[in-house]
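Okay, here's what each chain looks like letter by letter:
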Amino acid sequence: MATPDNAAPSTGVTTGASHSNLANAIRFLAADAVQKANSGHPGMPMGMADVATVLFTRCLKFDAAVPGWPDRDRFILSAGHGSMLLYALLYLSGYEDMTREQVENFRQFGSRTAGHPEYGHAAGIETTTGPLGQGLANAVGFALAERMRNARFGDDIVDHYTYVIAGDGCLMEGISHEAISLAGHLRLSKLILLWDDNSISIDGSTDLSRTEDQLVRFRASGWEAEAVDGHDPDAVAAAIERAQRSDKPSMIACKTVIGFGAPKKEGTASTHGAPLGEEEIAGARERLGWPHAPFDVPEDVLQVWRRAGARGAQAREAWESRLATLAVEQRAEFERSEAGRLPEGWTEAMAAYKRKISEEHPGWATRQASGKALEVLTASVPELVGGSADLTGSVLTKTSSTEPVTETDFSGRYIYYGVREHAMAAAMNGLALHGGVIPYAGTFLVFSDYMRPSIRLAALMGIRVVHVLTHDSIGLGEDGPTHQPVESLAALRVIPNLNVFRPADAVETAECWALALTADRTPSVLALSRQGVPAVRTTPVDENLSARGAYVLAEAAAGAGARRATILATGAEVGIALTARKILEDEGVATAVVSMPCWELFDAQDETYRDAVLKPGTARVAVEAALPQGWERYIGEGGGFVGMTGFGASAPAGKLFEHFGITPENVVAAVRARL
């Protein structure tokens, strides 16, 4: 393994801004920050410092002064535990909001330098990483978005690479297989993965848990793959240049020493996730010829780094000139979609569609209603990009406006993700984060468990992605309890900043789609029925009634002041609630039905509105073909619930609703018991 120039401790002092000293600036910023915080992961930043230095000083197209430049190369640290590598790079290259003070406050409350990189905390953090493999799968979405935007706007406007640093753990996670396979299938040639091949995991040598040949694995998935000495800067640079010329995605296995330079601990698991200790850091300083105090970077070294951060300015200015020469309409369309603004005309198209179905009263399954709404939306919003996990005909996410994306034609707007739910959700995050794309895709609600880590991260980041999750209850019928998601709604509703929509009919489905599109800082789930449902919104209204999360769909016949009972429901069970209301009203019990398509939006309303809808003091009963968790907030102490208490069964849907007691008669009985 090559030794970087100036790595030997012969003089014990720095000798200028050599590659080695540029890399050592990263190493000691990382080691000192972790030591000061008494928490963190110094080993990976120290081991990958040479690779990262080559990437940022020789290869990466970026301008630290204009970090949001749309045609910049994207850099993603999938091995997010090594966050100080990223923070050091951003500080050294001159990102304005990544100061020395931020580096010194690593992992402290209120700092930009969180334990793992968090999107939105600082410019240059392209995505939130930490759960291993997520960044790699995000990178597939970034690279795919680049190719799709390139197909739409051309090489002069969109032509950049996506680089991702991943570790052994990223490649062990199952999501990596899905992501690597998808990227290879689509031949995402602008995606370059730098694998930190240090042979160490937390438990010790990776020989304890894996023996596969990663180069063969990647090649089998359609990637270029080669191995280099990760401490030989020229070899790393040459490998990246070869990857840039490839017509496939590329993986470069960078053989490194974790904790490089630590005299007693380098190459061992002890450098992975704990401070090195003052004595070990002092020894590393002597060994690597870095006599500077913690967080001090010599001016000559810092200036070389700052020049690296500014070297993309000329390319950015040339890009801005090319953008300025675009036809006015095309430039406006690029800038609008890049900024995430929806186009003019889509609201009018949806309003006309909503009026039409309000008058026609279709009894569609809400998955079918979603497909109909998407026909309108995809025709009106060109950046809407759909897909599914091998369930297109079931989830109805493909429209006449969305042609397939293929390895030879990226001008389409529909992605066949295959049976890769986890990578699908993570790639959707990457598509959204890249900019210029609003991704949506579908699978069955029960498979949200496969997608949960990516959905959670979308909520944490506050990005606009839409998950179309169908077959939302025992109403799917004969496929049985393996596919009946009795617990999935509750599991999704507890994720902060996630809107979970469960519309009752075609009109509510259209309203929920409109809300999902306008929630630009909140991901959305649309939980949709397999079975047909009755139309419950049969009077056209311009207002989006679903926007408040819950509303009185049918007030007591004698008026709100006379209401004695309130039945709450979502989705297909709203029809059951309305039937129960009629029975109770015929008996003289003044009863209202409240449709609750989105709990999260309802919770955001003021107390006056919530009380007007729920009417505390009335007999309250909720009905939903799912487990009861969460309903206690709305039915109050002593309220009733009609729904599931365990797993479902395999049978026709009607038989299952009868067997499990989710019927109008049982709702009526639950109300009577509370009058």
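Before reading further, recall that the structure is shown in the block above.
Source: prediction; values computed, not measured.

The rules behind the values
Residues numbered from 1 in each chain as written. Predicted model: local features only at pLDDT ≥ 70, side-chain atom pairs only at ≥ 80, totals over all residues. Heavy atoms only, no water. Pairing = 2+ DSSP bridges. Helix = DSSP H or I, 4+ residues; strand = E, 2+ residues; numbered from the N terminus. Axes fitted to C-alpha atoms, helices over the stretch in contact; angles between N-to-C directions. Contact = heavy atoms within 4.5 Å. 1 Å grid on protein atoms, 1.4 Å probe; cavity = no way out; pocket = protein on both sides within 12 Å on 5 of 7 lines; lining within 4 Å. Points joined across faces, edges and corners; volume = space filled by probe spheres on them. Nonpolar A, V, L, I, M, F, W, Y, C, P; charged D, E, K, R; others polar. Buried < 20%, exposed > 50% of the residue type's maximum accessible area, 1.4 Å probe, protein only. Phe/Tyr/Trp six-rings, centres within 6.5 Å; stacked < 30°, edge-to-face > 60°. Salt bridge = Lys/Arg side-chain N within 4 Å of Asp/Glu carboxyl O. Parallel < 35°, antiparallel > 145°, perpendicular 65-115°, else oblique. Left-handed = near helix turned anticlockwise from the far one by under 90°. Disulfide = S-S within 2.5 Å. Polar contact = N/O pair within 3.5 Å; in protein donor to acceptor, adjacent residues only side chain to side chain.

(A) Looking closely at the sheet that holds strand β3 (residues 191–197). Taken together, the 5 strands give an open sheet; going across it, the order is β1-β2-β3-β7-β6, and neighbouring strands pair in parallel fashion. Of all the strands in the sheet, the pair left with one neighbour each is β1 (74–77) and β6 (224–229). Taking each pair of neighbouring strands and ignoring which way they run, the sheet shows an average axis angle of 20 degrees. Packing of helix α2 (residues 43–59) onto the sheet brings it into contact with β1, β2 (162–166), β3 and β7 (250–255), and relative to β3 it is tilted by some 155 degrees. Along the sheet, helix α9 (residues 233–245) makes contact with β2, β3, β6 and β7, crossing β6 at roughly 170 degrees.

(B) The arrangement of empty space enclosed by the protein in detail. The final tally for this structure, using the stated rule, is 4 cavities of 30 Å³ or more. In this model, the largest cavity occupies a volume close to 90 Å³. As for the largest cavity, its lining consists of 13 residues, of which D73, F75, Y95, G124 and E126 are closest to the centre. Only β1 and α3 (83–93) provide two or more residues apiece to the lining of the largest cavity. Classifying every residue of the lining of the largest cavity gives 8 nonpolar, 1 polar and 4 charged. If you add up the space inside the second largest cavity, you get close to 60 Å³. F75, I76, L77, L86, P117, G124, I125, E126, T127 and T129 are the residues that line the second largest cavity. If one sorts the elements of the lining of the second largest cavity by residue count, β1 sits on top with 3 residues. Partitioned by chemical class, the residues of the lining of the second largest cavity number 6 nonpolar, 3 polar and 1 charged.

(C) Broad picture of unusual backbone geometry. For H361, which is not glycine, the phi dihedral falls at a positive 55 degrees. Among the structural elements, H361 can be located in the loop between α14 (346–360) and α15 (366–380). On the accessibility criterion, H361 (39% relative accessible area) is partly exposed.

(D) Main features of the layout of surface pockets. Of the volumes computed, that of the largest pocket is approximately 580 Å³. Forming the boundary of the largest pocket are 23 residues, of which Y119, E338, A432, L433 and G435 lie nearest the centre. Only α13 (328–339) and α17 (421–434) provide two or more residues apiece to the lining of the largest pocket. Of the residues belonging to the lining of the largest pocket, the class tally is 9 nonpolar, 7 polar and 7 charged.

(E) Structural view of the packing of aromatic side chains. The final tally for this structure, using the stated rule, is 18 aromatic pairs. For the ring pair F444 and F447, a centre distance of 6.0 Å and an interplane angle of 15 degrees mean the geometry is stacked. Neither F444 nor F447 differs from the other in exposure class; each is buried. Taken together, a centroid distance of 4.8 Å and an interplanar angle of 75 degrees make the contact between W599 and W631 edge-to-face. Remark: W631 occurs in the loop between β17 (619–624) and α24 (632–635) and W599 occurs in helix α22 (residues 599–603); sequence separation between them is 32 residues. With relative accessibility at 2%, the residue W599 sits in the buried group. W631 sits in the buried class, given a relative accessible area of 1%.

(F) Inspection of the sheet that holds β17 at higher detail. Judged by pairing direction, the sheet is mixed, and its 5 strands sit side by side in the order β14-β16-β15-β17-β18 without closing on themselves. In this open sheet, the two edge strands, each paired with only one partner strand, are β14 (551–554) and β18 (640–643). Adjacent strand axes in the sheet meet at a mean angle of 30 degrees, parallel and antiparallel pairs treated alike. Strand direction decides the pairing type here: β14 and strand β16 (residues 591–595), joined by 3 bridges, are antiparallel. Bridging across to β16, A554 finds its partner in V593.

(G) Representation of the pattern of salt bridges within the structure. Under the counting rule described, the total for this entry stands at 36 salt bridges. Of the charged contacts, one joins R149 and E338 as a salt bridge, the two residues approaching to 2.9 Å between their closest N and O atoms. Of this pair, R149 sits in helix α5 (residues 134–153) while E338 sits in helix α13, and the two are 189 residues apart along the sequence. A relative accessible area of 2% places R149 in the buried class. The class for E338 is partly exposed, based on a relative accessible area of 21%. As a salt-bridge pair, R502 and E573 come within 2.5 Å of each other at their nearest N and O atoms.

(H) How the structure looks around the packing of α2 against α9. It is the contact of α2 with α9, at a shortest axis distance of 9 Å, that shows an interaxial angle of 55 degrees. Between α2 and α9, the crossing angle belongs to the class labelled oblique. Judged by the twist between their axes, the crossing of α2 over α9 is right-handed. Only P233, D234, V236, A237, I240 and Q244 of α9 make contact with α2, whose side of the interface consists of V51, V54, L55, R58 and C59. Classifying every residue of the contact of α2 with α9 gives 8 nonpolar, 1 polar and 2 charged.

(I) Structural detail: the state of the cysteines. On inspection of all chains with the given rule, the structure shows 0 disulfides. Looking at C170, it has no disulfide partner, and the nearest cysteine sulfur is the one in C254, 14 Å off. Relative accessible area serves as the criterion here: at 0%, C170 is assigned to the buried category. Free of any disulfide, C254 has its nearest neighbouring cysteine sulfur in C59, separated by 11 Å.

(J) Region of the structure containing the side chain of S78. Mapped onto the fold, S78 is located in the loop between β1 and α3. Classification of S78 by relative accessible area gives buried; the value is 0%. Among the polar contacts listed, one links the side chain of S78 to the backbone nitrogen of L136, at a separation of 3.0 Å. If sequence neighbours within four positions are ignored, S78 has contacts with T129, G130, L132, G133, Q134, G135, L136, V164, I165, A166 and C170.

(K) Region of interest: helix α10 (residues 278–288). Those residues of α10 not exposed but buried are E280, I281, G283, A284, R285 and L288. The secondary structure elements touched by the buried residues of α10 are α1 (19–37). Once α10 ends, the next one or two residues include G289, with phi positive near 70 degrees.

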